[in-house]
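# Structural characterization, general
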Amino acid sequence: MGENIISQFVLLGFSGLLLWAALTDIQSLTIPNKISGAVAALWVSHGAVLLLSGVPVGTVLSGPGAGLLALIGGAVLFQLRLVGGGDVKLLAASAMWAGPSLLLPLIMTVLLAGGVLALVMLAARSGQVFFGKVVTSGPVGPSGSGDHPFKTMMGTKIPFGVAIAAGGLMVAFRLAGL
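Rules used throughout
- Residues numbered from 1 in each chain as written.
- Predicted model: local features only at pLDDT ≥ 70, side-chain atom pairs only at ≥ 80, totals over all residues.
- Heavy atoms only, no water.
- Helix = DSSP H or I, 4+ residues; strand = E, 2+ residues; numbered from the N terminus.
- Buried < 20%, exposed > 50% of the residue type's maximum accessible area, 1.4 Å probe, protein only.
- Contact = heavy atoms within 4.5 Å.
- Areas by Shrake-Rupley, 256 points an atom, 1.4 Å probe, with all protein chains shown as cover.
- Expected span 1.5 Å × (residues − 1).
- Phe/Tyr/Trp six-rings, centres within 6.5 Å; stacked < 30°, edge-to-face > 60°.
- Patch = residues over 30% accessible without salt bridge, like charges linked within 9 Å, V, L, I, M, F, W, Y side chains within 5 Å.
- Salt bridge = Lys/Arg side-chain N within 4 Å of Asp/Glu carboxyl O.
- pLDDT = per-residue confidence, 0-100.
- 1 Å grid on protein atoms, 1.4 Å probe; cavity = no way out; pocket = protein on both sides within 12 Å on 5 of 7 lines; lining within 4 Å.
- Points joined across faces, edges and corners; volume = space filled by probe spheres on them.

A few words now on the overall build of the protein chain. Helix and strand counts for the protein chain come out as 5 helices and 4 strands. Ordered by position in the sequence, the α and β elements of the protein chain form the string α-α-α-α-β-β-β-β-α. A buried classification covers 38% of the 178 residues belonging to the protein chain. Restricting the contact set of the protein chain to residue pairs at least 6 apart, pairs at least 24 apart contribute 71%. Within the structure as shown, the protein chain displays about 9,400 Å² of accessible surface, and the carbon and sulfur contribution to it stands at 73%.

So, on to helix H5 (residues 161–175). For H5, which comprises 15 residues, the first-to-last C-alpha distance of 21 Å matches the rise-based estimate of 21 Å (1.5 Å per residue) to within 8%. Within H5, the full set of buried residues consists of Gly161, Ala163, Ile164, Ala165, Gly167, Gly168, Leu169, Met170, Val171 and Ala172. Positive phi appears at Gly177, one or two residues downstream of H5, with a value of about 80 degrees.

Applying the stated rule across the entire model yields 1 aromatic pair. Geometrically, the ring pair formed by Phe14 and Trp97 is stacked, given 4.2 Å between the ring centres and 5 degrees between the ring planes. Placement of the pair is Phe14 in helix H1 (residues 2–28) and Trp97 in helix H4 (residues 85–126), with a sequence separation of 83 residues. When its relative accessible area of 2% is taken as the criterion, Trp97 is described as buried.

Taken together, Val76, Leu77, Leu80 and Leu82 make up a surface patch of nonpolar side chains, about 330 Å² in accessible area. Inspection of the secondary structure puts Val76 in helix H3 (residues 57–79). Residue Val76 is classed as partly exposed on the basis of its relative accessible area of 47%.

Turning next to the confidence of the model for the protein chain. The predicted coordinates of low-pLDDT regions are not to be read in fine detail. Overall, the prediction assigns the protein chain a mean pLDDT of 84, with 80% of residues at 70 or greater. Summarising per-element confidence for the protein chain, the mean pLDDT is lowest in strand S3 (residues 152–153) (49) and highest in H5 (96). Low pLDDT (under 50) marks residues 134–146, which in the prediction has 21 contacts with non-local residues, meaning those over four places away or in another chain. Within the model, pLDDT remains below 50 along residues 149–153, and this stretch shows 19 contacts once partners closer than five positions in the same chain are excluded.

This paragraph deals with the layout of surface pockets. One number sums up the size of the largest pocket: a volume of about 320 Å³. Lining the largest pocket are 17 residues; nearest its centre among them are Leu77, Leu91, Ile107, Leu111 and Phe160. Secondary-structure elements contributing two or more residues to the lining of the largest pocket are H3 and H4. Top contributing element to the lining of the largest pocket by residue count: H4, with 7 residues.

Structure follows, in structure tokens:
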């Protein structure tokens, strides 16, 4: 019973870190290493709770395996300049939590949320109407050679950490049994 309470607190911490990452990415279009590092470090507590609950060691260690797989895939996307480094690190840390069983749902949720976010950002840039109100954004444009094409669609920078946080929160809810 004690493991369940600890597990819920650890999942709450994971969720809080994801929200912090999303808010930071919205504000600065960066995800600090300390947030992704904390997500990965907190997974160690999650892994310990799993081991105390009787989950086999191989199953627990498959979480970091999923994280490594996401890191490798993310590194390819980073090299192609499709995503930023902070996005890759947060996705890899979140994939540790997902493990193999929730890795595909994590990635699908991130892609879906990222697509919706991109559409909203593009619509806001063009002054489209949402719920009876014209949504506009301030002046935007390419800010130099460091911009990632996916994160700078038509000059509108996209805080992709929001989409990764949405996927990570889906994982947290599933792990909590919700």
